[in-house]
Amino acid sequence: MASRADLHTHSSFSDGLLSPTELIDLAYRHGVRVMALTDHDTIEGLPDAFAAAARYPDLTFIPGVEISTDVPGNEVHVLGHFIDWQDRKFQRRLLQMRQSRQRRARKMVDKLAALGKPVSWKHVQSLASDAAIGRPHIARALMEAGHIATFDEAFDLYIGRKGPAYVERERLAPAEVVEMIAAVNGLPTLAHPRELDGLEGLLSQLKAAGLVGMEVYYQDYSQEEVERLRAVADRFALIPLGGSDYHGLGGPREREPGDIPLPDEPVERLLALARERGSPQAV
Ligand code: AMP
Ligand code: ZN
Ligand code: FE
Ligand code: FE
């Protein structure tokens, strides 16, 4: 069942396969009429996305971003919708984060070579193109080099958090990123919270920092999981949002854009909040 909205998608400007234009065309064909591009740690895809979205008068396009943060033993991703993406200081901070990702990816490639699983650094870079370079690019290079048979094996054997070639990212606290998004008039949402330990503690902390939403309708979340998360969101007065997290890379968890049971009501709440804050895209 397709939803009218998809608030979480990736393009080739991070680790997605499709260009922003291809992504928006695909989402529109699936019936999506409210959509956000939320590339990892970059807003570089937004100008193309705005241009593509302008061809569809009945499409509301939301400028977004997904920023990775760390808590002990886990990763926490924070989405920002309706960010003032042209803010210089914000752009500079994202650039620093991408540069730190470059250094870290290089270290993982070096570790793989030491493990007898060499991949070409040039090739990993070309897979990432201008994007925020990450483990999915290394996973693809490992597959193409014939070291593994499936994408997931890369994580299971080498670059998962406990893998021998894993290198930690620059550490950013989730609350810091919630504040960074709020500082550019964005609406921060906690992404894919199902696997997070100590969710309620994290939420009270992030709520105080300015969190407005939490993903509840996401990829392969079952109806039971959706109901549990929906109750948690309600308890913390967070808008229950969601998205496909579409990357275009296939795999068992992948959903097509809009292929999530996200109801209209929470989307309307997000749009109303953005209008209240005077976001230019919130019409
Ligand atoms: P990075 O930001 O470079 O650490 O890469 C994180 C991304 O790698 C996530 O957003 C996922 O797309 C992907 N990823 C992380 N863990 C796994 C896994 N176990 N299996 C498949 N993909 C994963
Ligand atoms: Zn991704
Ligand atoms: Fe994520
Ligand atoms: Fe994502």
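Reading the values: the criteria
Residues numbered from 1 in each chain as written. Chains lettered and ligands numbered in written order. Predicted model: local features only at pLDDT ≥ 70, side-chain atom pairs only at ≥ 80, totals over all residues. Heavy atoms only, no water. Salt bridge = Lys/Arg side-chain N within 4 Å of Asp/Glu carboxyl O. Helix = DSSP H or I, 4+ residues; strand = E, 2+ residues; numbered from the N terminus. Buried < 20%, exposed > 50% of the residue type's maximum accessible area, 1.4 Å probe, protein only. Donors = N, O, S within 2.8 Å, 3.2 Å for Na, K, Ca; no water. Pairing = 2+ DSSP bridges.

(A) Looking closely at the pattern of salt bridges. Scanning the model with the defined rule gives 23 salt bridges in all. Among the ionic pairs, arginine 106 bridges to aspartate 110, the shortest N-O distance being 3.5 Å. Here the residue arginine 106 and the residue aspartate 110 both occupy positions in helix 3 (residues 88-114), the gap between them amounting to four residues, near one helical turn. The class of arginine 106 is partly exposed, set by a relative accessible area of 38%. In the salt-bridge network here, residues are joined through shared partners; they are Asp70, Glu75, Arg135, Arg161, Glu168, Arg169 and Arg171.

(B) Seen up close, the coordination of the iron ion (ligand 3). With distances of 2.1 to 2.2 Å, the protein atoms coordinating the iron ion (ligand 3) are Glu66 (OE), His77 (ND1) and His192 (NE2). Written as a sequence motif, the donor arrangement for the iron ion (ligand 3) is E-x10-H-x114-H. The two metals, the iron ion (ligand 3) and the zinc ion (ligand 2), are separated by 5.7 Å. Of this pair, glutamate 66 sits in strand 3 (residues 60-71) while histidine 192 sits in the loop between strand 5 (187-190) and helix 8 (199-209), placing them 126 residues apart in sequence. Here the two residues glutamate 66 and histidine 192 agree in accessibility, since each one is buried.

(C) Main features of the pairing of strand 3. Summarising burial for strand 3: 11 of the 12 residues are buried, a large majority. Relative to strand 3, strand 2 (residues 34-37) is paired through four bridges, and the arrangement is parallel. Across the sheet, the residue bridging to methionine 35 is phenylalanine 61, located in strand 3. Across eight bridges, strand 3 lies against strand 4 (residues 74-81) in antiparallel orientation. Within the sheet, the bridge partner assigned to isoleucine 67 lies in strand 4 and is valine 78. Between the end of strand 3 and the start of strand 4, which pair antiparallel, lie two residues, with glycine 73 showing a positive phi angle near 75 degrees.

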